[in-house]
Amino acid sequence: MGSHAQSATTPDCDRQHSSRVLPVTLRRGNYAWCMADEAFFRNLPKVSLHDHLDGGLRPATMLEIADEVGHTLPASTPDALATWFTDAANSGSLERYLTTFAHTTALMQRAEDLRRVSAEWVLDQDGVVAAETRWAPEQHQTMGLSLDETVEAVAQGLHDGMAQAKAAGTPIIARQILCAMRHADRSLEIARLALRHRDTDLVCGFDIAGGEVGNPASKHKAAFDLLRHEAFYYTIHAGEEGPLSSLLDAIDCGAMRIGHGVRTADDISRRTDGSFVLGRLASFIRNNRIPLEICPTSNVQTGAVTELAAHPLGVLAWLGFTVTINCDNKLMGGTTLSREYALVASTFQLSTTDMAQFALAGASALFLDHDEREALLRDITSAWMAASFTGQSGQQH
């Protein structure tokens, strides 16, 4: 990838730690970095763009459903089961990480289970005011459900969860993104499924999921072409385990957002004077404001980065990329979105004002109608501004 004539210089104090570069546009107020914990961020409005339904089951729910359907789980108590999933996910291999889903998807084959898991997924959001869950309908048909029935069951669960959340005083907007498995050949079928349910069952987008290596996005070009023709939204998993060419392939398919996108950093080099030079692909992603759905804990678990301090999200944010923070899979990561925010703030020494930009980027990137998005942006801006000046996050209403 050729170099592009775009560069930026890091502050002198950060030149030796490029992964801890701070967004210069957010430092003008000279705010102290945010020494906040998970509880602080839990009470601030956030947006979740990249959160897999089959990666967020409650361990207790899994045990109950497993007993009903006769599925054997690797542990017999909620705590032990939660520990098993995080230990298995900490392998440093995406391939091993993905094997954990054999257990979760096995427990999401009946309509009532899909509905229950979806409702609980909504209720388990922590200070999240808008969330998109993604899942692959083709993996939920072993007990005879049609593709349409799986989508309708998840929609019912999302409605249940939103109603309960509203009654509890914590309203949330929840939508679903339908995934096709990139190693399979059903993407066009799933794209058509998404279009059938776009207006009736909270389906807001499409994605392809699974291992990148050997399964380029262009393999599913017919699906993306159809979605563009029908003016429908889609995001593409890319730049997680795959090489830079995988990311370029997703861009070539017209990705509106990028799932992970960590490899974007491979197209950014650094001069001896501390300045950064963006290659043509990185420049294209930045200049077109293509959102990156960064999942910090997951990226460490799958080996996309060696440790959080080595994650390029700090550099990407400082250089002006549209960076969002997400959980990916709460069960496997043993995490919440508030925890991800706290980890990023402490690791990269970011202020509350800095962290607000991730929440606003997430809201701006939602596959949501303009008016709803603008209302969210106003509410999020107000809450984070107050927290930035008072140091207190307050309760969500």
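Below you will find a few notes about this structure. Here the structure is a predicted model, which means the values were calculated and not measured.

Things to note about the overall build of the protein chain
So, point 1. Looking only at helices and strands, the protein chain has 17 helices and 11 strands in total.
So, point 2. The buried share of the protein chain, reckoned over its 397 residues, is 58%.
So, point 3. For the protein chain, long-range pairs separated by at least 24 residues make up 76% of all intrachain contacts whose partners lie at least 6 apart in sequence.
So, point 4. Accessible surface, the protein chain as shown: approximately 15,700 Å² in total, 50% of it carbon and sulfur.

Notes on the nonpolar core
Nonpolar side chains in soluble globular proteins generally cluster together in the buried interior.
So, point 1. Phe 41, Phe 206, Phe 321, Met 355 and Phe 358 are the most contacted members of the largest nonpolar core, which has 110 residues in total.
So, point 2. Counting residues in each nonpolar core, the second largest holds five residues, with Ala 136, Cys 179, Met 181 and Ala 209 among its members.

A few points about the sheet that holds strand S11 (residues 323-325)
So, point 1. Read from one edge to the other, the open sheet built from four strands follows the order S6-S7-S10-S11, with strand pairing classed as parallel. In the strand order of this sheet, the two ends are held by strand S6 (235-238) and S11, each with one partner. With strand direction ignored, the average angle separating the axes of adjacent strands in the sheet is 30°.
So, point 2. Of the strands in this sheet, S6 and strand S7 (257-260) are in contact with helix H10 (residues 244-252), which crosses S6 at around 170°.

A look at the side chain of Thr 100
So, point 1. Here Thr 100 shows up in the loop between helix H4 (94-99) and helix H5 (101-106).
So, point 2. Exposure remark for Thr 100: the relative accessible area of 1% places this residue in the buried category.
So, point 3. If sequence neighbours within four positions are ignored, Thr 100 has contacts with Trp 84, Phe 85, Ala 88 and Met 332.

Comments concerning the pattern of salt bridges
So, point 1. Applying the stated criterion to the full structure yields 21 salt bridges.
So, point 2. A salt bridge links Arg 263 to Asp 266; its shortest N-O distance comes to 2.9 Å.
So, point 3. In this structure Arg 263 comes out as buried when scored by relative accessible area, which is 17%.
So, point 4. Two residues, Glu 340 and Arg 339, come together in a salt bridge whose shortest N-O distance is 3.7 Å.
So, point 5. On the basis of relative accessibility, which here comes to 27%, the residue Arg 339 falls in the partly exposed class.

Quick look at the pairing of strand S2 (residues 46-52)
Every regular strand shows the same layout, with side chains that alternate between the two sheet faces.
So, point 1. When you tally the buried positions in S2, you get seven out of seven residues, the bulk of the element.
So, point 2. In the sheet, S2 pairs with strand S3 (residues 128-135) via five bridges, with the strands oriented parallel. Residue pairing for S3: Ser 48 is matched across the bridge by Ala 131.

Let's talk about helix H15 (residues 337-348)
For the α-helix, the turn length of 3.6 residues means that residues three or four positions removed from each other point alike.
So, point 1. The terminal C-alpha atoms of H15, which comprises 12 residues, lie 17 Å apart, in line with the 16 Å expected from a rise of 1.5 Å per residue.
So, point 2. Within H15, nine of the 12 residues are buried, leaving the element largely enclosed by the surrounding structure.
So, point 3. Gln 349 lies just past H15 and shows a positive phi near 50°.

Quick notes on helix H2 (residues 59-69)
So, point 1. Residues of H2 that are buried include every one of Pro 59, Thr 61, Met 62, Ile 65 and Ala 66, and no others. Down the axis, H2 shows its buried residues gathered within 150° of arc, on one side only. Along H2, the residues that are exposed and aim more than 90 degrees away from the buried face are Asp 67 and Glu 68.
So, point 2. Among the structural elements, helix H3 (78-89), H5, helix H6 (111-123) and helix H14 (330-333) are those in contact with the buried residues of H2.
So, point 3. Note on H2: the residue one or two positions beyond its end, Gly 70, has a positive phi of about 80°.

A few points about the environment of Thr 142
So, point 1. Within the element layout of this structure, Thr 142 appears in the loop between S3 and helix H7 (147-167).
So, point 2. Distance in space between the C-alpha atoms of Thr 142 and Thr 105 is 9.9 Å, their sequence separation being 37 residues.
So, point 3. Reaching out from Thr 142, the side chain makes a polar contact with the side chain of Gln 109 at a distance of 3.0 Å.

Reading the values: the criteria
Residues numbered from 1 in each chain as written. Predicted model: local features only at pLDDT ≥ 70, side-chain atom pairs only at ≥ 80, totals over all residues. Heavy atoms only, no water. Helix = DSSP H or I, 4+ residues; strand = E, 2+ residues; numbered from the N terminus. Buried < 20%, exposed > 50% of the residue type's maximum accessible area, 1.4 Å probe, protein only. Contact = heavy atoms within 4.5 Å. Areas by Shrake-Rupley, 256 points an atom, 1.4 Å probe, with all protein chains shown as cover. Core = buried A, V, L, I, M, F, W, Y, C linked by side-chain atoms within 4.5 Å. Pairing = 2+ DSSP bridges. Axes fitted to C-alpha atoms, helices over the stretch in contact; angles between N-to-C directions. Salt bridge = Lys/Arg side-chain N within 4 Å of Asp/Glu carboxyl O. Expected span 1.5 Å × (residues − 1). Arc of directions from axis to C-beta. Polar contact = N/O pair within 3.5 Å; in protein donor to acceptor, adjacent residues only side chain to side chain.

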